[in-house]
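Letter by letter, the chains look like this.
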Amino acid sequence: MGRALGRLKGVDFYRKIPTDLTEASLSGAGLSVIAAIVMVLLLGAELNNYLTLETQTSLVVDRSAQGDLLRINFNISFPSLSCEFATLDVSDALGTKRLNLTKTVRKLPINDQLERMGHYIHDDRQLDIKYDELPENFTSDDINYSSPLSAADFATAMTKYDILIANFYAPWCPWCQRLEPTWEAVREEVHAKYPDTDGRIHLAKIDCTAEVDLCRDHHITGFPSLRVFRKGHDDVINHGQREHESYKGDRTKDALISFVETLVPSAGRPHYYVRGMQRVAKSSGCALSGFVLVKKVPGTLHFLPKSPGHSFDYHAVNMSHQVGYLYYGNKPSPRRRQALELYHPMGLTENWADKMQGQNFYSKNQRATFEHYMQVVLTSVEPSRKNHDASFDAYEYTVHSHVYNSDDVPAAKFSYETSPIQIIVTERKKAFYHFVTTTCAIIGGVFTVAGIIDGIVHGAGRLAKKVDLGKQG
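Residues numbered from 1 in each chain as written. Predicted model: local features only at pLDDT ≥ 70, side-chain atom pairs only at ≥ 80, totals over all residues. Heavy atoms only, no water.

(A) Looking closely at helix H6 (residues 253–263). By the burial criterion, the buried members of H6 are Leu-256, Ile-257, Phe-259, Val-260 and Leu-263. One side of H6 carries all its buried residues, which in axial view fall inside an arc of 160 degrees. (Buried < 20%, exposed > 50% of the residue type's maximum accessible area, 1.4 Å probe, protein only. Helix = DSSP H or I, 4+ residues; strand = E, 2+ residues; numbered from the N terminus. Arc of directions from axis to C-beta.)

Right, here's the structure in full:
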């Protein structure tokens, strides 16, 4: 047994030197302290590196499933576009066209300073307005535009009658031309039944090409506009907000006569809701907000003035706007945003997902069309399994904008195109054995190097002593 143990001692890698044969030195102590400090610093740096998150970025063809929809969120303010006619249309490269989106879009009346002027409006415009059949061989030459009121006559009429129904029109407007024969027939019948001596109700018309300032003061932007005035004004105070009453029903003789008859009982009374009438905020502008779901193909959001049965003077339309926000996808939760800041290849800037936030696009020229072209890239963050809840699809985009005079309807166009390339950001795993190996290498390497330096210093000291003794001898 003793012989076996003796043989085992022969393979000892760490043979001990008797303490009596060792010698401590001041230089060795200094090197030991320096070596210990270097070890601690290197081990701390290695531990920090091991705990620091490392990511790996890959470019792949977009892995979105067939039929996946892209959400576009927006809040855009138009100080010179009335909510009465503000419209959002969406089209794409596949030929899909969606007109006058209302389900996920809200309208808020604002003034030219972008201040709120009313309550959110639900768009309930009648899409199919009916007219009376015109006589055969009827032409625009047969239209009678006689007896429109001047601004002074209009002011007098508003105070003279309990209710004044005003038809604001433009002679060049085809819808006004279509309405004119019916309007005159209704006016004759109503005035015969309710003469001036009655004073309860009266019908009048105003030519907005002649009375430009009057129509502008009453925020008339679409023709024809049928407004209801009571005792000199059309103000309706709704929870502190000013609104006006506008007729939006069919334009047949029967429909207009029925509307007049519903108004007569309210003559001399404060404003109240009458069927066929719409309350619209008295303001010059509109803020449209909400979201749309679109296919991942090139497409465009069209913001423009449009309404069934109305014409617009495009020379007087100004589509200047401010972008409150416009971003793609969903907003990350605080936890996911924190993860994005760690995983994103270049970190997150203030406008990383919304390059247009807070920007103003203004033109003094009427008929100006604004066009914004955006290229959208999908970045998918895929953390490790233990942090899987932080996974997120983040959309970023670049944008280029320009403005030009249009011969067509002035609009604000936001065109988008999704990139076929998807960026995948994954967490690079670090093996624990690599950390252990590096730790051992640091300890052993520093210890060895310090030993070599100590041997050189000690040998140099002994050599110096020998040289000194030789000189003395």
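Past the structure itself, the notes keep going.
(B) Broad picture of the pattern of salt bridges. Applying the stated criterion to the full structure yields 12 salt bridges. The closest approach of N and O atoms between Lys-306 and Asp-89, which form a salt bridge, is 2.4 Å. In this pair, Lys-306 is assigned in the loop between strand E14 (299–305) and strand E15 (311–312) and Asp-89 in strand E3 (residues 86–92), connecting sequence segments 217 residues apart. Lys-160 is the salt-bridge partner of Asp-196, the closest N and O atoms lying 3.9 Å from each other. Placement of Asp-196 in the loop between helix H4 (174–193) and strand E7 (201–207) and of Lys-160 in helix H3 (residues 151–160) is noted, with a sequence separation of 36 residues between them. The class of Lys-160 is partly exposed, set by a relative accessible area of 48%. A single salt-bridge network, built from bridges that share partners, covers Glu-180, Glu-184, Arg-187 and Lys-205. (Salt bridge = Lys/Arg side-chain N within 4 Å of Asp/Glu carboxyl O.)

(C) View of the environment of Glu-46. The topology assignment puts Glu-46 in helix H2 (residues 26–51). C-alpha of Glu-46 to C-alpha of Val-436: the two residues are 390 residues apart in sequence and 10.0 Å apart in space. Setting aside its immediate chain neighbours within four residues, Glu-46 contacts Phe-435, Thr-438 and Ile-442. (Contact = heavy atoms within 4.5 Å.)

(D) Molecular detail of the packing of H4 against H6. Direction vectors running N to C along H4 and H6 enclose 40 degrees, while the axes themselves pass 9 Å from each other. Taken together, the axes of H4 and H6 lie oblique to each other. As H4 packs across H6, the resulting crossing turns out to be right-handed. Here H4 contributes Leu-179, Thr-182, Ala-185, Val-186, Glu-189, Val-190 and Lys-193 to the contact with H6, which in turn contributes Lys-253, Leu-256, Ile-257, Val-260 and Glu-261. Of the residues that constitute the contact of H4 with H6, the class distribution is 7 nonpolar, 1 polar and 4 charged. (Axes fitted to C-alpha atoms, helices over the stretch in contact; angles between N-to-C directions. Parallel < 35°, antiparallel > 145°, perpendicular 65-115°, else oblique. Left-handed = near helix turned anticlockwise from the far one by under 90°. Nonpolar A, V, L, I, M, F, W, Y, C, P; charged D, E, K, R; others polar.)

(E) Quick peek at the state of the cysteines. For the coordinates displayed, the defined rule picks out 2 disulfides. Two residues, Cys-208 and Cys-215, share a disulfide whose sulfurs are 2.0 Å apart. Taking the sign of the S-S torsion, -90 degrees for the link of Cys-208 and Cys-215, the bridge is left-handed. Residues Cys-208 and Cys-215 agree in their burial class; the two are buried. Described in terms of the sequence order of its bonded cysteines, the disulfide pattern of the protein is 1-4, 2-3. With no disulfide partner, Cys-173 has as its closest neighbouring cysteine sulfur the one in Cys-176, 3.0 Å distant. By relative accessible area, which is 0% here, Cys-173 ends up buried. (Disulfide = S-S within 2.5 Å.)

(F) The environment of Leu-42, seen in detail. Tracing the backbone shows Leu-42 in helix H2. Aside from chain neighbours lying at most four places away, what touches Leu-42 is Ile-442 and Val-446.

(G) Seen up close, the pairing of strand E9 (residues 225–230). Burial within E9 is extensive, with 6 of its 6 residues counted as buried. The two faces of E9 match: Ser-225, Arg-227 and Phe-229 on one face and Leu-226, Val-228 and Arg-230 on the other face are all buried. Where strand E6 (residues 163–169) and E9 come together, 6 bridges link them in antiparallel fashion. Directly across from Leu-164, in E9, lies its bridge partner Phe-229. (Pairing = 2+ DSSP bridges.)

(H) Spotlight on the nonpolar core. Core analysis: the biggest nonpolar cluster contains 36 residues, and Phe-74, Val-292, Leu-301, Phe-303, Leu-326, Tyr-328 and Phe-414 have the highest contact counts within it. Residue assignment for this core shows that the elements contributing at least two residues are strand E2 (69–78), E3, strand E13 (285–295), E14, strand E16 (321–328), strand E18 (368–382), strand E19 (392–405) and strand E20 (412–427). The next biggest cluster of nonpolar side chains, apart from the first, holds 21 residues, and it includes Leu-179, Val-186, Tyr-194 and Val-260. (Core = buried A, V, L, I, M, F, W, Y, C linked by side-chain atoms within 4.5 Å.)

So far we have only geometry, and geometry alone does not tell us how the molecule works.
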